[in-house]
Amino acid sequence: MRYSSHVIASLCLGAAVSAHTTLPFTAAYTAGLVIGSLLPDIDEPSSYVGRRSFGVSDKIKEAFGHRGMTHSLIAWGVLAALVWRDSASPFAMGLVLGYLFHIVEDFFSVQGVPLFWPFSSKRWKVPLYRTGKGVEKALVYMALAGFVYFGVNGLFYEWWRSWLAMW
């Protein structure tokens, strides 16, 4: 998926989680979702986050390749353990969920993801879309519609209240 597709799809999934749990849909949570949804692509220097990584992306791609380590459930689990050990804040929850959503979203691409890296380099997938093609665009429009649906059913109000509470 393109970076904007990851952001929109992850916001929709994050809104669904928030709507069906006690997790608050705050500005901090959505910031975590957005950053987390972009973070796995740090392994690609030409990606949105890779271009802003001050060379870190080059080193990660050189060592592990694209859609390698950063797209595995093992790496996600390590990140989740480290983040949750230090903070259980809405931002931390959003970051961890956004990262997981990115992996799930790429699982549905024709390239797949190595879910169990480093134990297996097999790429797992349910090939629904090819990056930048029509099916991805349709999925993004559905995610945007879902995000708006959850938003107008109370989440946007909750988000604005959290934003105003920061001031």
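Residues numbered from 1 in each chain as written. Predicted model: local features only at pLDDT ≥ 70, side-chain atom pairs only at ≥ 80, totals over all residues. Heavy atoms only, no water.

Participant: Any chance you could explain the environment of proline 40 here in plain terms?
Facilitator: Residue position: proline 40 is located in the loop between helix H2 (27-38) and helix H3 (56-64). Owing to a relative accessible area of 0%, proline 40 belongs among the buried residues under this scheme. C-alpha of proline 40 to C-alpha of valine 126: the two residues are 86 residues apart in sequence and 19 Å apart in space. (Helix = DSSP H or I, 4+ residues; strand = E, 2+ residues; numbered from the N terminus. Buried < 20%, exposed > 50% of the residue type's maximum accessible area, 1.4 Å probe, protein only.)

Participant: Before we go on, may I ask you to explain the nonpolar core in this structure?
Facilitator: Across soluble globular proteins, nonpolar side chains show a tendency to be buried alongside one another. Counting 20 residues, the largest nonpolar core has Ala15, Phe25, Tyr29, Leu33, Leu97 and Phe147 as the members making the most contacts within it. Mapped by element, the contributors of at least two residues to this core are helix H1 (3-20), H2, helix H5 (90-107) and helix H6 (134-165). The biggest single contributor to this core is H1, with six residues. When sequence neighbours within four positions are dropped, the list of residues in contact with leucine 97 reads Val17, Leu23, Tyr29 and Leu33. (Core = buried A, V, L, I, M, F, W, Y, C linked by side-chain atoms within 4.5 Å. Contact = heavy atoms within 4.5 Å.)

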